[in-house]
Amino acid sequence: MDQVRLGNSGLHVSRLCLGMMSYYSGTPSRPWMLDEKAAEPILRRAVERGITFFDTADMYSDGGSELATGRLLGMLFAREEVVVATKVFYPMTAGPNGGGLNRKHVLSAIDASLTRLGMDYLDLYQIHRWDPLTPIEETMSALHDVVRAGKARYIGASSMYAWQFAMAQRVAERNGWTEFVSMQNHYNLLYREEEREMIPLCLDQGVGCVPWSPLARGRLTGSYGRGGERRTVRAGNDPYGESLYNDADFDVVDELNAVAAQRQLPSAQLALAWLLGRPGVTAPIVGATKVEHLEDAIAAVDVTLSDTEVDQLQKPYRPHAVLGHQ
């Protein structure tokens, strides 16, 4: 698999990022998640196929995903061969300072994440969401100190408004602090609002996009049907996903299935191929609870869509309210 630059930074990542939210140590936060033993064959296959970029967050399974990530990657890679990303924002301890992007929480959270991962540093440390209660100057200063201390090589951000991201970058630039090199945004065939402002901003500023939910939490793979049908365990237990999509989105799904039938390829491959071909997208974050899920994602890297197919997939899109920020 190709290793490509993350935006304009010098960091190289695989063309796909494996999302580690599906794996845990301890107690899972969702019934469809896999323990380390069940996840190991998927990770081994990912290594064999050239994936070197792995994303988790401190809040996934209350730290259990970071524990599993550290142990699994430690079995399969030398530390310098892998790019590891995690995130900070959501509460991990009680009290008003147990979450958010204030200096106290950021500096304690990075140490806690490194301990769970069993690592000395992170390659990419990301703010999971925007914190309206903390001045952005305080957050960017704290993140700069994390980098200066050698605990993270680069910093990234996740879903927020484009004006917020621009302000954060300007604050860092003005003060000579570390700037974000990546944006982990909500982007797929069913949700394309990022094309209006965030992605043009990232293209202009040389920031790499690593979209989350590239398959719309299973809606682009057949896990859902019109009228509320749920065909997988995850589909039946995803209240957050219920807030992101609606039945009108199945017009896009219908066109995706039509193109998939014409190409004799799985719909997941075509949906990912579309996303991989979009401007600014460096490495979609894919989840996999079966080896075949991973194989479909990897195969998508080599699928090229014609202009006619792209138009067919995009034509039924209906604008959404802004979703996925908080």
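Residues numbered from 1 in each chain as written. Predicted model: local features only at pLDDT ≥ 70, side-chain atom pairs only at ≥ 80, totals over all residues. Heavy atoms only, no water.

## Comments concerning the overall build of the protein
Alright, step 1. If you tally the helices and strands in the protein, you get eleven helices and 14 strands.
Alright, step 2. Since a compact globule built from 326 residues should have a radius of gyration of about 20 Å, the 19 Å found for the protein is in line with a globular shape.
Alright, step 3. Oriented by its inertia axes, the alpha-carbon framework of the protein measures out at about 55 × 40 × 35 Å.
Alright, step 4. When burial is assessed residue by residue, the protein has 56% of its 326 residues classed as buried.
Alright, step 5. Partitioning the contacts of the protein with sequence separation of at least 6, the portion at a separation of at least 24 is 77%. (Helix = DSSP H or I, 4+ residues; strand = E, 2+ residues; numbered from the N terminus. Rg over C-alpha atoms; globule rule 2.2 N^0.38 Å. Buried < 20%, exposed > 50% of the residue type's maximum accessible area, 1.4 Å probe, protein only. Contact = heavy atoms within 4.5 Å.)

## Let's talk about the pattern of salt bridges
Alright, step 1. Going through the model one piece at a time under the given rule, you end up with 16 salt bridges.
Alright, step 2. Here Glu 295 makes a salt bridge to Arg 49, at a shortest N to O gap of 2.5 Å. Residue Glu 295 is located in helix α10 (residues 291–300), and its partner Arg 49 is located in the loop between α1 (36–48) and β6 (53–55); the two are separated by 246 residues in the primary sequence.
Alright, step 3. Between Arg 318 and Asp 251 there is a salt bridge, with the nearest N and O atoms lying 2.6 Å from each other. Of this pair, Arg 318 sits in the segment after α11 (307–314) while Asp 251 is found in helix α8 (residues 250–263), placing the two residues 67 residues apart along the sequence. (Salt bridge = Lys/Arg side-chain N within 4 Å of Asp/Glu carboxyl O.)

## Describing the side chain of His 325
Alright, step 1. In this fold, His 325 is placed in the segment after α11.
Alright, step 2. Classification of His 325 by relative accessible area gives buried; the value is 11%.
Alright, step 3. A distance of 3.3 Å separates a polar atom in the side chain of His 325 from the backbone oxygen of Met 160.
Alright, step 4. Once residues lying within four places of it in the same chain are set aside, the contact partners of His 325 are Arg 129, Ser 159, Met 160, Tyr 161 and Glu 194. (Polar contact = N/O pair within 3.5 Å; in protein donor to acceptor, adjacent residues only side chain to side chain.)

## Let's talk about the side chain of Arg 15
Alright, step 1. By secondary structure assignment, the location of Arg 15 is in the loop between β2 (12–14) and β3 (17–19).
Alright, step 2. There is no salt bridge for the buried Arg 15, and the closest opposite charge comes from Asp 2, which lies 6.2 Å off by N-O distance.
Alright, step 3. Only 3.3 Å separates the side chain of Arg 15 from the backbone oxygen of Val 281, close enough to count as a polar contact.
Alright, step 4. Within polar-contact distance, the side chain of Arg 15 engages the backbone oxygen of Thr 282 at 2.7 Å.
Alright, step 5. Ignoring sequence-local partners within four residues, the contact set of Arg 15 consists of Met 1, Asp 2, Val 4, Leu 276, Val 281, Thr 282, Ala 283, Pro 284 and Val 301. (Lys, Arg positive; Asp, Glu negative; His and termini not counted.)

## Digging into the packing of α8 against α11
Alright, step 1. It is the contact of α8 with α11, at a shortest axis distance of 8 Å, that shows an interaxial angle of 150°. By the angle between their directions, the pair α8 and α11 is classed as roughly antiparallel. Seen from α8, the contacting residues are Val 252, Glu 255, Leu 256, Ala 258, Val 259, Gln 262 and Arg 263; seen from α11, they are Glu 309, Gln 312 and Leu 313.
Alright, step 2. Along the lines of polarity and charge, the residues of the contact of α8 with α11 split into five nonpolar, two polar and three charged. (Axes fitted to C-alpha atoms, helices over the stretch in contact; angles between N-to-C directions. Parallel < 35°, antiparallel > 145°, perpendicular 65-115°, else oblique. Nonpolar A, V, L, I, M, F, W, Y, C, P; charged D, E, K, R; others polar.)

## Structural notes on the pairing of strand β7 (residues 83–88)
Alright, step 1. Counting buried positions along β7 yields six of six residues, so the element is predominantly enclosed.
Alright, step 2. Here β7 shows a buried face lined by Val 83, Ala 85 and Lys 87 and a second buried face lined by Val 84, Thr 86 and Val 88.
Alright, step 3. Both β6 and β7 contribute to a ladder of three bridges, which runs parallel. Looking at the pairing, Phe 53 lines up with Val 83 of β7.
Alright, step 4. Considered for its hand, the β-α-β crossover made up of β6, helix α2 (residues 64–76) and β7 is right-handed.
Alright, step 5. Relative to strand β8 (residues 122–127), β7 runs parallel, the two sharing four bridges. Looking at the pairing, Ala 85 lines up with Leu 124 of β8.
Alright, step 6. On the question of chirality, the crossover connecting β7 to the parallel β8 by way of helix α3 (residues 103–117) is right-handed. (Pairing = 2+ DSSP bridges. Right-handed = clockwise from strand over helix to strand, strands pointing away.)

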